[in-house]
Each structure stands twice: as structure tokens, then as C-alpha cells.
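Residues per chain are reported as follows:
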Amino acid sequence: MRRIPLIFLLSAALTVPMPALAQDASAATIVMADDAAPETEMVAVDPLTPRDAIDLTLEEFLWVARPIVVFADTPADPRFIEQMELLTRRPDALLERDVVIIFDTDPSARSAIRTALRPRGFSVVVVAKDGTVGMRRPAPRDVREIIRAIDNFQLRQEELRQGQ
């Protein structure tokens, strides 16, 4: 019998957008338009809940968040598992930088994000708020390295100068 690693169960359970709790003012949320609704409806989404790229586009995050996109050819890729675990270790640093975590482990689905970023095998891509690719790596990266890269983005530098 094959055992499913805990990260798969967590990522599968966490791909469903969850409404933010109004009582918890410390929880960061991103308000996004829900394309499934007949009228454009705004939905609160926990930014650090890993989201499957299949129904997403990078344009949804333009000027709103910095997507960290983790690509793999299969959810069983050990690099994918390691990267997802690394991203859970320092959530406060990621929230402070308006990060949203997206994953794509199905190359045959040809998601809009996979088509736009064109990864080869495993890849970690950090996209700036203006939609440009700020970092692309072919191996798992620690949150410390990712936030260092984000802090070097021009828009992040401007945010720091303005005290945001």
C-alpha cells in the first residue's frame, strides 16, 4: 500500500479558497474576483493557502500580490514536496511581502500560468506585483532566499521607503 505524504493531503485540502475570519484582524487576506460567479463577486482568500494554478491567471494578482509559483511534473516530485514544506516555515515573512502561493503539478493541463511562465520540470518562480518575473530557480529555495529576492524588487524597495 502506498502512503501519501502529509504535504499532499494538506495542499489538497488547502486549495479551496477559505473566507477570512472577520474577528482576526492580524490575518492577511487578499480580495479577489470570483470568476465562477455570474456577476463579479469579491471573495476573501488566505494568501498562504496553496492554490492550484489550473483556474488562475497571473493577471488576477497584478498589483495585488507577489505570486510564488511552484511547478513540478508530478505532485510526487521530492523537490516539489520539499519546496512546499519550506514555504510553510516562515509564513509571517511571506505575509509581510504580500505573497500568494500557487502550485502546478500537471503539465498536461496547460494552465494559463504554466503557459505564461513556461517552466521545464521543477521550477520556483517569484513574480513581482507588476507581473515581471523576479526570480526563477530550478531547485527548492528557502524562504530566507525568496524574501531576500523580493526585498530587492524595485516595487518592494518603494514600499519600504514609503513605510508600507
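Structure first, text after, so check above.
Note that the structure is predicted; figures quoted are calculated from it, not measured. Every chain is numbered on its own, with residues counted from 1 as its sequence reads. Local features in this predicted model are restricted to residues of pLDDT 70 or higher, and side-chain atom pairs are both shown and tallied only at a pLDDT of 80 or more, whereas totals for entire chains, interfaces and linings draw on every residue. Side-chain numbers come from the whole structure's heavy atoms, not from hydrogens or water.

(A) Geometry of the overall build of the protein. A helix here means a DSSP run of H or I that spans at least four residues, while a strand means a run of E at least two residues long, and both kinds are numbered starting from the N terminus. In terms of regular secondary structure, the protein is built from six helices and seven strands. Counting from the amino terminus, helix and strand elements in the protein follow one another as α-β-β-β-β-α-α-β-α-β-β-α-α. Only protein chains enter the area calculation, which uses a 1.4 Å probe; residues under 20% of their type maximum are buried, those over 50% are exposed, and those in between are partly exposed. Each of the 164 residues in the protein was classed as buried or not, and the buried ones make up 40%. Taking contacts inside the protein between residues at least 6 apart in sequence as the whole, the part at least 24 apart equals 69%. Counting every atom, the protein has about 9,600 Å² of accessible surface; 52% of that belongs to carbon and sulfur. Note on contacts: a residue pair qualifies if any of its non-hydrogen atoms lie within 4.5 Å across the two residues. Areas reported as accessible are Shrake-Rupley estimates using a 1.4 Å probe. Residue values count occlusion only from the protein chains shown.

(B) Region of interest: the pattern of salt bridges. Note on definitions: salt bridges are taken to be side-chain nitrogens of Lys or Arg within 4 Å of carboxyl oxygens of Asp or Glu. Applying the stated criterion to the full structure yields twelve salt bridges. Between Arg-97 and Glu-96 there is a salt bridge, with the nearest N and O atoms lying 3.8 Å from each other. Of the charged contacts in the structure, one is a salt bridge between Arg-114 and Asp-104, with a shortest N-O distance of 3.2 Å. Of the two residues, Arg-114 sits in helix 4 (residues 112-117) while Asp-104 sits in strand 5 (residues 99-104), which places them ten residues apart along the sequence. Taken as a pair, Arg-114 and Asp-104 share a single burial class, namely buried. Several salt bridges converge on common partners, so that one network encompasses Arg-66, Glu-96, Arg-97, Asp-98, Lys-129, Asp-151, Arg-156 and Glu-159.

(C) Fine view of the nonpolar core. Nine residue types can take part in a nonpolar core, namely buried Ala, Val, Leu, Ile, Met, Phe, Trp, Tyr and Cys, and a core is a set of them joined through side-chain atoms within 4.5 Å. Among the nonpolar cores identified, the biggest contains 23 residues, and Ile-68, Leu-87 and Leu-94 are the most heavily contacted of them. When residues of this core are traced back to their parent elements, those giving at least two are strand 4 (66-71), helix 2 (78-87), helix 3 (91-96), strand 5, strand 6 (123-127) and helix 5 (143-151). Here this core takes five residues from helix 5, the largest share from any one element. With 13 residues, the next largest nonpolar core counts Ala-53, Leu-56, Leu-117 and Val-125 among its residues.

(D) Layout of the pairing of strand 5. Of all six residues that make up strand 5, six are buried, and the element is covered over most of its length. A two-sided burial pattern is seen for strand 5, the buried positions comprising Val-99, Ile-101 and Phe-103 on one face and Val-100, Ile-102 and Asp-104 on the other. For strand 3 (residues 51-52) and strand 5, the ladder comprises two bridges, and the chain directions are parallel. Of the residues in strand 5, the one forming a bridge with Asp-52 is Phe-103. In this scheme, strands are said to pair when DSSP sees at least two bridges between them. As defined by bridge partners, strand 4 adjoins strand 5 across six bridges and the pair is classed as parallel. Residue pairing across strands places Pro-67 opposite Val-100, the latter belonging to strand 5.

(E) Representation of the pairing of strand 4 in the model. Of all six residues that make up strand 4, six are buried, and the element is covered over most of its length. Covered by surrounding structure in strand 4 are Arg-66, Ile-68 and Val-70 together with Pro-67, Val-69 and Phe-71, the residues of both alternating faces. Judged from the four bridges that link them, strand 4 and strand 6 form a sheet pairing that is antiparallel. Bridge assignment links Ile-68 to a residue of strand 6, and that residue is Val-126.

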